[in-house]
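A look at the structure
Residue-level listing of the chains:
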Amino acid sequence: MWKNELLRSRAFRLALAFALAITAAATVVFTFIYLQISAAAIQRVSDRLAFEAGLARNESDAELHLRIEQHLTSDLRRLDFVGLYDSSGAVLLGDPAALPPIRIDGRAHLVGSIPGPGAARAEEGIFVAIRRSDGSILALGRSLAEINALRESVASALAISLAPTIVLILVIGAFFARRANRRLANIHAAIGEIVKGDFKQRLPVFAELDDVDLVSRDVNLMLDDIARLLEQLRNVGDDIAHDLRTPLAVARAKIERGLARGASLDDLRAAMAEALDHLDRAAATIGAFLRVSAVEHGRRQGRFAPVDLSSVCTGVFEFYEPLAQSKGVAIALDAPQLALVSGDEDLLREAISNLVENAIKFTPEGGLVRVAANVEDGKAGVTVSDSGPGVAPQDRERIFWRFFRSDRTGPASGNGLGLSIAAAIAKLHGFSLKVEDNAPGARFTLRGDANLGGPTATGRSEVTEAVVAPV
Amino acid sequence: MPQTASPGVKPAILVIEDERGLAEEIRYELQAEGYPVELAETRAEGLRAARAGAAAVLVVDRMLHGEDGLSILTTLREEGNATPILVISALSSVDDRIRGLKAGGDDYLAKPFELRELTARVEALSRRVADARATRLRAGPLEMDLVERAVWRGERRIDLLPREFKLLEYFMRRPNRIVTRAMLLEDVWNYRFLPQTNVVDVHIGNLRRKIDAGGEPRLIVNVRAAGFKLNVEE
C-alpha cells in the first residue's frame with residue numbers, strides 16, 4: 001500500500017528518474033576519465049620501452065648482462081621485464097621465460113598474457129623486441145596490471161560515490177513524496193468537507209507558496225466568492241420570503257377576520273379591499289424580482305442602438321417634475337449636450353427613472369434633486385444627486401444588491417428594488433453605476449462606454465466628427 | 001362598486017385560458033360589465049371558437065397545458081383573422097411582451113393582474129376604432145384643437161403644458177372609458193414598467209386643477225381599484 005503510493009507519487013518518481021540520470025552521467029564521466037588516463041599511461045610505457053630498446057641495441061654484452069642482473073634483483077614487483085633470447089627464441093637471461101609472441105621490430109606491442117616460468121601470467125603487457133647485431137633477441141616489457149588495477153579502482157570509486165548519492169536522492173524523494181501525499185490528503189479532506197457543505201472550510205496553504213500553495217490559494221479565493229454569493233443568495237431568499245409572507249399574512253388575516261366577524265357586507269368589502277392591497281404588494285415584489293432576473297439574464301445587446309442620454313434625462317425629468325413639486329422638492333435638469341451611448345432606450349429610461357424616483361423619495365421637503373447628462377473623458381453618463389440623508393460608506397456597495405434596505409429606507413416606502421434594477425441594467429450595458437457622497441446627500445453616477453461618435457451616431461455628432469476630422 | 005356598464009349590447013369576448021379558476025373570474029367580471037363571454041381551455045378549442053368568428057376580442061393565455069398560446073395568434077393572423085387579441089401571461093419580461101406583440105397580439109398583460117385592468121384593456125380593444133385623423137376632439141364641455149394645440153372648457157381657454165396636453169388628449173379619445181395607470185404609462189409616456197411612486201396620480205392631479213376651475217364639476221374621476229375615467233355626457 002505504502003509502496004504503491006510511493007511509486008504513484010510524482011515526487012518519488014521524479015527522484016527515481018533523477019537517480020538514474022545521475023548514475024548514467026557519472027558512469028559516462030568516470031569511463032571517459034579512465035579511458036583518458038589509461039591511454040596516456042600505455043602511451044607513456046610504450047614510448048619508454050621503445051626508447052630503452054633503441055639504447056640497448058648497441059650496448060655491449062657486458063653492459064646488457066649487468067643491466068639484466070640489476071633488473072632481476074631490483075624489480076621486486078615483477079612489473080618490468082628484460083629478457084635476452086637466442087635467435088630461436090629460447091631464453092638466455094632475464095624474464096619472461098619465453099619470448100612473447102610479437103614482431104621483432106623495435107615497436108611496442110600489446111600482448112594478452114605474459115609467458116612465465118610455469119603457466120603464463122594472465123595479465124596484459126606491453127613488449128618491445130629487437131634483434132641485436134649478434135643475432136640474439138632482446139625483449140623489454142611492462143605489465144599493465146597497474147593500469148588495469150586503476151580501472152577497478154575507478155569503477156569502485158564510481159560505485160562508492162554514487163551509492164550514497166542515489167540513496168540520498170531516493171530518501172529525499174520519498175520524503176517529499178510523503179509530504180506531498182500528506183498535503184494532498186489534507187487538501188482532499190478539506191475538499192470533502194466543503195463538498196459536504198461546510199463552506200467555512202479552506203484548503204491548507206503553507207507559508208512557502210509553492211505551486212500547490214498557489215493553486216490552493218486561488219481555490220480559496222474562489223471559495224470566498226462562492227461563500228459570499230451563497231450568503232447573498234440566502235439573504236435574498238430570506239428577504240423574498242419576508243417580503244412575500246408579510247403581505248400574504250396580512251391579507252390572510254384580513255380575509256379571515258372579514259369572514260368570521262364581518263357584520264355587514266360593507267365590513268366584508270372593506271376587509272377584502274385591504275387584503276387585495278396586500279396581495280398586490282406581494283405580486284409587485286415578485287414582479288420586481290423577476291424584473292431584475294430578466295434584466296440580469298437578458299440578452300438584449302442585439303437590440304442595442306445609439307441612445308442620447310440627454311434626451312432620456314429630459315423625458316424622465318418631465319415625467320417626475322410634478323411629483324417632486326408635489327413633495328416640495330426642487331428638481332433641476334442639466335442636459336445641454338448630446339450624450340450618446342449604445343444601449344436599450346427603454347431599459348436606460350427605467351434605470352434613470354429609478355435613480356430619480358429614489359432621489360425624490362429620500363429628499364426632504366425644501367431639498368434639491370439634480371439630474372444631469374454629460375460627457376466626461378469621452379464617456380457619456382448621467383448623474384442624479386440629491387440633498388437627502390446620503391448613503392453611509394459601508395452601504396455604498398450593498399445598496400445595489402437585490403432587496404437591500406439601508407437605514408435610510410426608514411419612513412419612505414418601496415420594495416428596495418429600484419436600485420437593484422438600475423444596477424442590473426447598468427451591468428447589462430457594461431456601464432458603471434456608483435454612489436458617492438454629495439455632501440450633503442447622495443450622488444449616483446451611471447457612466448457609459450466611450451461616447452459614441454462616427455457611423456452609429458445621429459445628426460449632431462456627425463457634425464462634430466466632420467469638424468474634428470481634418471485637424 | 002362603481003357601475004360602469006353602459007347601455008346596449010356589448011360585443012362577445014372569447015377567453016382562451018386553461019386555468020379554470022382564473023377563467024371563471026374573468027368571465028364573471030366581463031359578464032358583470034355586460035360582455036357575453038365564451039371560454040375555451042385548449043389551443044384546438046380556442047382556434048375553433050375564434051374561427052367561428054363570433055368574438056370581437058380574444059383574450060389568450062400564453063401557455064395552455066404546455067402548448068404555446070402564441071401559436072393561436074400566428075395561426076389566426078396567417079388566416080387573415082384580424083380580431084383584436086389581448087395576451088395574458090405569467091411571463092412578464094420585456095422580451096416576452098415583445099414576442100407576444102410580434103406574434104400578432106394587440107396588447108399584453110402580465111399575471112397577476114387586476115380584473116379591472118383586464119376589463120379596461122378589453123374595452124379599449126373592442127372600441128379601438130377611433131378617428132385618428134380628426135384635428136378637433138370634443139368630449140362633454142371639453143374641446144381640443146390638435147393643430148393649434150389649444151384646449152377649451154366651454155368658453156374658457158385652458159393653458160396646458162405639452163405633457164398635460166398629451167395626457168388630456170388620451171382621455172378625450174376615450175371618453176367614459178376606464179383608463180388604468182399602466183395604460184397611461186405605456187401609451188402616454190412610453191414607460192414599460194410601473195414606477196413605485198404615485199407619479200401618475202400627481203400628473204392627473206395637476207391636469208385636474210387646470211381643467212376644473214372653482215365650482216365646476218370634476219371631469220376626470222378616480223375609479224377605485226382601476227384607474228381614471230373622463231366622465232362626460234355623450
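Structure: above.
Let me begin by describing the structure that accompanies this report. Note that the structure is predicted; figures quoted are calculated from it, not measured. (Residues numbered from 1 in each chain as written. Chains lettered and ligands numbered in written order. Predicted model: local features only at pLDDT ≥ 70, side-chain atom pairs only at ≥ 80, totals over all residues. Heavy atoms only, no water.)

Things to note about the overall build of chain B
- When its secondary structure is counted, chain B shows eight helices and 14 strands.
- Taken across its 234 residues, chain B has 53% of its residues classed as buried.
- Put simply, 59% of the contacts in chain B that link residues at least 6 apart link residues at least 24 apart.
- Counting only carbon and sulfur atoms, one obtains 49% of the accessible surface of chain B, whose full area is about 11,200 Å². (Helix = DSSP H or I, 4+ residues; strand = E, 2+ residues; numbered from the N terminus. Buried < 20%, exposed > 50% of the residue type's maximum accessible area, 1.4 Å probe, protein only. Contact = heavy atoms within 4.5 Å. Areas by Shrake-Rupley, 256 points an atom, 1.4 Å probe, with all protein chains shown as cover.)

Observations concerning the sheet that holds strand β13 (residues 220-223) of chain B
All names here are of chain B.
- Strand order in the open sheet formed by three strands is β12-β14-β13, and the pairing between neighbours is antiparallel. Pairing within the sheet leaves two strands with one partner each, and these edge strands are β12 (178-180) and β13. The sheet shows a mean angle of 35° between the axes of neighbouring strands, direction not considered.
- Where β13 lies against strand β14 (residues 227-230), four bridges are found, and the strand directions are antiparallel. (Pairing = 2+ DSSP bridges. Axes fitted to C-alpha atoms, helices over the stretch in contact; angles between N-to-C directions.)

Here's the deal with the interface of chain A and chain B
- Contacts between the two partners involve 26 residues from chain A, matched on the other side by 23 residues from chain B.
- Taken together, the two surfaces of chain A and chain B that pack against each other cover about 2,200 Å², and 55% of this comes from carbon and sulfur.
- Between the two partners, chain A and chain B, sit two salt bridges.
- With its nearest N and O atoms 3.9 Å apart, the salt bridge here joins B:R163 to A:E318.
- For the interface between chain A and chain B, the tally reads five residue pairs in polar contact (both at pLDDT 80 or more).
- Those elements that provide at least two residues to the side of chain A that touches chain B are α6 (265-297), α7 (309-326) and α8 (345-362) of chain A.
- A breakdown of the residues in the side of chain A that touches chain B according to their chemical character gives nine nonpolar, six polar and eleven charged. (Buried area = accessible area lost by both parts, 1.4 Å probe. Salt bridge = Lys/Arg side-chain N within 4 Å of Asp/Glu carboxyl O. Polar contact = N/O pair within 3.5 Å; in protein donor to acceptor, adjacent residues only side chain to side chain. Nonpolar A, V, L, I, M, F, W, Y, C, P; charged D, E, K, R; others polar.)

Here we look at the packing of aromatic side chains
- Scanning the model with the defined rule gives five aromatic pairs over all chains in all.
- A centroid spacing of 4.9 Å and a plane angle of 55° characterise the contact between A:F319 and B:W189, whose relative ring orientation is tilted. Taken together, the residues A:F319 in helix α7 and B:W189 in the loop between α7 (181-187) and α8 (199-211) connect one chain to another.
- Since its relative accessible area comes to 11%, B:W189 is described here as buried.
- With 4.5 Å between their ring centres and 40° between their planes, A:F319 and B:Y191 make a pair best called tilted. In this pair, A:F319 is assigned in helix α7 and B:Y191 in the loop between α7 and α8, connecting two distinct chains. As far as burial versus exposure is concerned, A:F319 and B:Y191 are alike and both buried. (Phe/Tyr/Trp six-rings, centres within 6.5 Å; stacked < 30°, edge-to-face > 60°.)

Observations regarding the packing of helix α2 (residues 10-57) of chain A against helix α4 (residues 145-195) of chain A
Residues and elements named next belong to chain A.
- Running from N to C, α2 and α4 point in directions that differ by 165°, and their axes come no closer than 9 Å. By the angle between their axes, α2 is roughly antiparallel relative to α4. Seen from above, α2 lies across α4 with right-handed handedness.
- Considered class by class, the residues forming the contact of α2 with α4 number 25 nonpolar, seven polar and one charged. (Parallel < 35°, antiparallel > 145°, perpendicular 65-115°, else oblique. Left-handed = near helix turned anticlockwise from the far one by under 90°.)

Some thoughts on the side chain of B:D212
Residue and element names in this part refer to chain B.
- Turning to its location among the elements, D212 is positioned in the loop between α8 and β13.
- For D212, the side chain forms a polar contact with the side chain of R153, separated by 2.8 Å.
- Separated by 3.4 Å, the side chain of D212 and the backbone nitrogen of L219 make a polar contact.
- The residues touching D212, leaving out its near neighbours within four places in the chain, are R153, R156, P217, R218 and L219.

A few points about the environment of A:A145
Residue and element names in this part refer to chain A.
- Structurally, A145 is set in helix α4.
- Considering only alpha carbons, one finds A145 and L79, 66 residues apart in sequence, at a separation of 7.9 Å.
- What A145 contacts, discounting residues up to four positions off in sequence, is E123 and E124.

So, the sheet that holds strand β6 (residues 85-89) of chain B
Residues and elements named next belong to chain B.
- Spatially, five strands are ordered β2-β1-β3-β6-β7 in an open sheet, and the strand pairing comes out parallel. The open sheet has two edge strands, β2 (37-40) and β7 (107-110), and neither has a second partner. Neighbour to neighbour, the strand axes of the sheet diverge by 20° on average, direction disregarded.
- With four bridges connecting them, β6 and β7 associate as parallel partners. The residue bridging I88 from the neighbouring strand is L109, located in β7.
- Helix-sheet contacts for helix α3 (residues 70-78) involve β1 (12-16), β3 (55-61) and β6, and the interaxial angle to β6 is about 165°.

A short note on the pairing of strand β1 (residues 80-85) of chain A
All names here are of chain A.
- Burial within β1 is extensive, with five of its six residues counted as buried.
- Here β1 pairs with strand β2 (residues 91-94) via three bridges, running antiparallel. Within the sheet, the bridge partner assigned to L84 lies in β2 and is L93.
- Counted between consecutive antiparallel strands, the loop separating β1 from β2 contains five residues, among which G89 sits at a positive phi close to 100°.

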